[in-house]
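If you want the building blocks of each chain, they are given just below.
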Amino acid sequence: VNATVGEVSAWQYSTTGYMPWSSMSNSATDTLELTNITASLYYRAVVKNGVCAEATSAYLPVEVTPKSDAGKLSKNLELCAGTNFGVIKVNNHTGSVVDWLETSDVNGSWTSSANTSEAYEAQNLTENLYLKVVVKNGVCEADTSDLGIVEVATPSDAGKIYGDESYCSIINDGEVYLKDLIGEVINWESSTDGGNSWTEHVSDKTNYTYKNVSTTTLYRAVVRNKVCPNATSDIVQINVADASVAG
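Worth saying up front: this structure is predicted, and the values here are computed from it rather than measured.

## Quick word on the state of the cysteines
Here comes step 1: Enumeration according to the criterion identifies 1 disulfide in this entry.
Here comes step 2: Each disulfide pairs two cysteine sulfurs, and for Cys-80 the partner residue is Cys-228, the sulfurs being separated by 2.1 Å. Here the S-S torsion is close to 105 degrees, and the disulfide linking Cys-80 with Cys-228 is therefore right-handed. Taken as a pair, Cys-80 in strand β7 (residues 77–80) and Cys-228 in the loop between β21 (217–224) and β22 (231–232) lie far apart in primary sequence, 148 residues in all.

## Overview of the pattern of salt bridges
Here comes step 1: Evaluated as defined, the whole model comprises 2 salt bridges.
Here comes step 2: When the shortest N-O distance is used, the salt bridge between Glu-151 and Lys-226 registers 2.7 Å. Within this pair, whereas Glu-151 is found in strand β14 (residues 148–153), its partner Lys-226 is found in the loop between β21 and β22, the two being separated by 75 residues in sequence.
Here comes step 3: Between Arg-220 and Glu-189 there is a salt bridge, with its nearest N and O atoms 2.6 Å apart. Taken as a pair, Arg-220 in strand β21 and Glu-189 in strand β18 (residues 184–191) lie far apart in primary sequence, 31 residues in all.

## Here we look at the environment of Ser-214
Here comes step 1: Among the secondary structure elements, Ser-214 is positioned in the loop between β20 (207–211) and β21.
Here comes step 2: Given the relative accessible area of 53%, Ser-214 is considered exposed.
Here comes step 3: Residues contacting Ser-214, with those up to four places away along its chain left out, are Ile-170 and Val-240.

## A short note on the side chain of Thr-103
Here comes step 1: Summarising the element assignment, Thr-103 is placed in strand β9 (residues 96–103).
Here comes step 2: The class of Thr-103 is buried, set by a relative accessible area of 8%.
Here comes step 3: Other than its neighbours up to four places away in sequence, Thr-103 contacts Ser-109, Trp-110, Asn-128, Leu-129 and Tyr-130.

## Digging into the nonpolar core
Here comes step 1: Judged by nonpolar contacts, the single largest core of 17 residues is most densely connected at Ile-88, Trp-100, Leu-125, Leu-131, Val-133 and Val-150.
Here comes step 2: Broken down by secondary-structure element, the contributors of at least two residues to this core are β7, β8 (85–91), β9, β11 (119–123), β12 (129–136) and β14.
Here comes step 3: Leave out the neighbours within four places in its chain, and Val-133 touches Ala-70, Leu-73, Val-90, Val-97, Asp-99, Trp-100, Asp-143, Thr-144 and Ser-145.
Here comes step 4: Core analysis: the second largest hydrophobic core is formed by 16 residues, Ala-158, Val-185, Tyr-210 and Ile-238 among them.

## Let's talk about the packing of aromatic side chains
Here comes step 1: Tallied over the full model, the rule gives 8 aromatic pairs.
Here comes step 2: Measuring from ring centre to ring centre gives 6.5 Å for Trp-21 and Tyr-59, while their planes differ by 35 degrees; the resulting arrangement is tilted. On the criterion of sequence distance, the pair formed by Trp-21 in the loop between β1 (7–14) and β2 (22–23) and Tyr-59 in the loop between β4 (55–56) and β5 (60–62) is long-range, its members being 38 residues apart.
Here comes step 3: Pairing Tyr-162 with Tyr-177 gives two aromatic rings, centres 5.4 Å apart and planes at 20 degrees, and the pair type is stacked. Of this pair, Tyr-162 sits in strand β15 (residues 160–162) while Tyr-177 sits in strand β17 (residues 173–179), and the two are 15 residues apart along the sequence.
Here comes step 4: Judged by its relative accessible area of 35%, Tyr-162 is partly exposed.

Reading guide: rules and limits
- Residues numbered from 1 in each chain as written.
- Predicted model: local features only at pLDDT ≥ 70, side-chain atom pairs only at ≥ 80, totals over all residues.
- Heavy atoms only, no water.
- Disulfide = S-S within 2.5 Å.
- Helix = DSSP H or I, 4+ residues; strand = E, 2+ residues; numbered from the N terminus.
- Salt bridge = Lys/Arg side-chain N within 4 Å of Asp/Glu carboxyl O.
- Buried < 20%, exposed > 50% of the residue type's maximum accessible area, 1.4 Å probe, protein only.
- Contact = heavy atoms within 4.5 Å.
- Core = buried A, V, L, I, M, F, W, Y, C linked by side-chain atoms within 4.5 Å.
- Phe/Tyr/Trp six-rings, centres within 6.5 Å; stacked < 30°, edge-to-face > 60°.

Structure below.
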């Protein structure tokens, strides 16, 4: 406190700036040092000059701001490469979002996105993206969140299908199979009416074994890679001809 007439006899604090005021012990100095305070309070000095009545200074508010807390990011995203869209949000944070940091290399450098909203919109990504949100509350040091991941999957590809075969008897067996696929086999399908209708066969293997096919049959496989749409392979044909008859 400056420009006083008299000496400081005490410092007082209040939670509202009004009554009641509480005196602080060992505070009869011109300067009040505040250390490790945890709540916002109002402070004033009590000054006494000789036999004169005490006078109090104007109060000074001291605001204590909760430390910054970047909170938690919503669950990681999974997108399919190409035309895509997804949102990651920050929850339970203390302070305001001052930036989202982004990188495609988790071990590389981070770039500012200049995004100060509470949500990050990921759109039309072709590779994985890693995110962190930076939150700052008042005068407190900024806090950075844990890692958020936008995983971008390669589009499904059923690869190449092999196994065309011809038989002249219903006593037969063989297999059709895939190579160079991207994703996992969801099921195999067969058709005996030229592809007008298809029957599903539950199997996640890259090959499908048939036995004693009695009529010409088409086969194909359905493949899916993570969250990407299914891909259907080309068709192989198993031809079954009537046995020769001498007459």
